[in-house]
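# Geometric and topological summary
Okay, here's what each chain looks like letter by letter:
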Amino acid sequence: MGRRDDQRIAAAERRRQLRSLAASLSVDREQQGCGREIRRGQPGSPLEVLTMKVWCHRIWVCPLCGFSAAGKRAATLESRLRHWTDQGGVAALLTLCQSHRLDDPLTDLWSHLEHGWTALTRGSGWLTVRKTYGIRGYQRITEVVHNPRTGWSPHIHAVLFMDNGTELDGLSTAVGTRFTRGINTSGGWAQVGLQDIRSVARGTERRLAQYLLKGTTEYVSRDGSRTPMAVLGRLHDTHHGRELWEEFSAAVSPSIRRKQIACSQKLDRLRPPYPLAAPTPW
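Residues numbered from 1 in each chain as written. Predicted model: local features only at pLDDT ≥ 70, side-chain atom pairs only at ≥ 80, totals over all residues. Heavy atoms only, no water.

### Comments concerning the layout of surface pockets
Of the volumes computed, that of the largest pocket is approximately 500 Å³. Lining the largest pocket are 22 residues, with Glu-143, His-155, His-157, Tyr-211 and Lys-214 positioned closest to its centre. Listed by contribution, the elements that provide at least two residues to the lining of the largest pocket are strand S3 (90-96), strand S4 (135-147), strand S5 (151-162) and strand S6 (196-199). Here the residues of the lining of the largest pocket are counted per class, giving five nonpolar, twelve polar and five charged. There is about 370 Å³ of room inside the second largest pocket. (1 Å grid on protein atoms, 1.4 Å probe; cavity = no way out; pocket = protein on both sides within 12 Å on 5 of 7 lines; lining within 4 Å. Points joined across faces, edges and corners; volume = space filled by probe spheres on them. Helix = DSSP H or I, 4+ residues; strand = E, 2+ residues; numbered from the N terminus. Nonpolar A, V, L, I, M, F, W, Y, C, P; charged D, E, K, R; others polar.)

### Digging into the packing of helix H8 (residues 228-238) against helix H9 (residues 242-251)
Put simply, H8 and H9 touch, their axes get as near as 9 Å, and they point 145° apart. H9 is crossed by H8, and the crossing has left-handed handedness. For the pair formed by H8 and H9, the contact residues are Pro-228, Met-229, Val-231, Leu-232 and Leu-235 on the first element and Arg-242, Leu-244, Trp-245 and Phe-248 on the second. (Axes fitted to C-alpha atoms, helices over the stretch in contact; angles between N-to-C directions. Left-handed = near helix turned anticlockwise from the far one by under 90°. Contact = heavy atoms within 4.5 Å.)

### Structural notes on helix H3 (residues 63-86)
Given a rise of 1.5 Å per residue, 24 residues ought to cover 34 Å, and the 34 Å separating the end C-alpha atoms of H3 matches this to within 8%. Where H3 ends, the next residue or the one after it, Gly-88, has phi of about 100°, a positive value. (Expected span 1.5 Å × (residues − 1).)

### Digging into the packing of helix H1 (residues 3-24) against H3
Running from amino to carboxyl end, H1 crosses H3 at an angle of 130°, the nearest separation of the two axes being 8 Å. One finds that H1 runs oblique with respect to H3. In this structure, H1 uses Arg-15, Arg-16, Leu-18, Arg-19 and Ala-22 to contact H3, whose residues at the interface are Pro-63, Leu-64 and Phe-67. Looking at the contact of H1 with H3 residue by residue, the classes come out as five nonpolar, no polar and three charged. (Parallel < 35°, antiparallel > 145°, perpendicular 65-115°, else oblique.)

### Quick look at the packing of aromatic side chains
Taken as a whole and assessed by the stated rule, the structure comprises eight aromatic pairs. Ring centres of Trp-117 and Tyr-138 lie 5.4 Å apart, and the angle between their planes is 75°; on these two criteria the pair is classed as edge-to-face. One end of the pair, Trp-117, is in helix H4 (residues 106-121); the other, Tyr-138, is in strand S4, with 21 residues separating them in the sequence. As far as burial versus exposure is concerned, Trp-117 and Tyr-138 are alike and both buried. For the ring pair Trp-126 and Tyr-138, a centre distance of 6.5 Å and an interplane angle of 70° mean the geometry is edge-to-face. Of this pair, Trp-126 sits in helix H5 (residues 124-133) while Tyr-138 sits in strand S4, placing them twelve residues apart in sequence. Per residue, the accessibility class of Trp-126 equals that of Tyr-138, and both read buried. Here the basic side chain of Arg-15 rests over the ring of Phe-67, its NZ or CZ set 3.5 Å away from the ring centre. When the ring centre of Tyr-211 is taken as origin, the NZ or CZ atom of Lys-214, which lies over that ring, is 3.5 Å away. (Phe/Tyr/Trp six-rings, centres within 6.5 Å; stacked < 30°, edge-to-face > 60°. Buried < 20%, exposed > 50% of the residue type's maximum accessible area, 1.4 Å probe, protein only. Lys NZ or Arg CZ within 6 Å of the ring centre and 35° of its normal.)

So, in structure tokens, the structure goes:
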């Protein structure tokens, strides 16, 4: 085996260790039993001797299911982006955030964020924005990180599938105004000027998709911001940060059902209005 094989084996073992820790801290039976083997058939049936593994699919709090989901969803997003841009469409990345302090509870910030997204995407005003700027569809990814200096930061990345990308400044203001109004009305605080939108360059689809779907894996950014799985990793290594993990686990409990990804209707059926012409044969 080579060095890369050793790294993959070590990473897989790390995820199993973190899965065991997360399960030991959880009261959710499905998460506690994630990865166990069960018989496929009833006693006496031909399938009795066969076994299968069952998974909890709690991607926010299970290192194994979170890692698996990140890979699959990144591949799906990459495929969507390539399909759209190959036909002549344009993609843009919208990032929506809010102000937060070290002691702000995660549940409050997440609630403000959801109010902001609802204010953005509901009503005739949103239909006008989509028509004016040629937004044909979107894929929204919710990400949560924690920084030891600034606290929790739930935020939204939205990939916009557009007819063209010539009016991004105007779109940024229109979208930011609607989003921040929802945040501020719900009791949070956000500023139009802090919302960000930028074009997605062709050839960067894979890197972008992997970056946007890292939120359910163990990742630490340069400024020290950690994904929840990285918070769990620190708890495993140092025995510090249990209160952060418990706060996050409570915020994504099965009764709340937080979604990591949401897409506009019929996203995979989109067709650009002016597809690229087929190359002229020699």
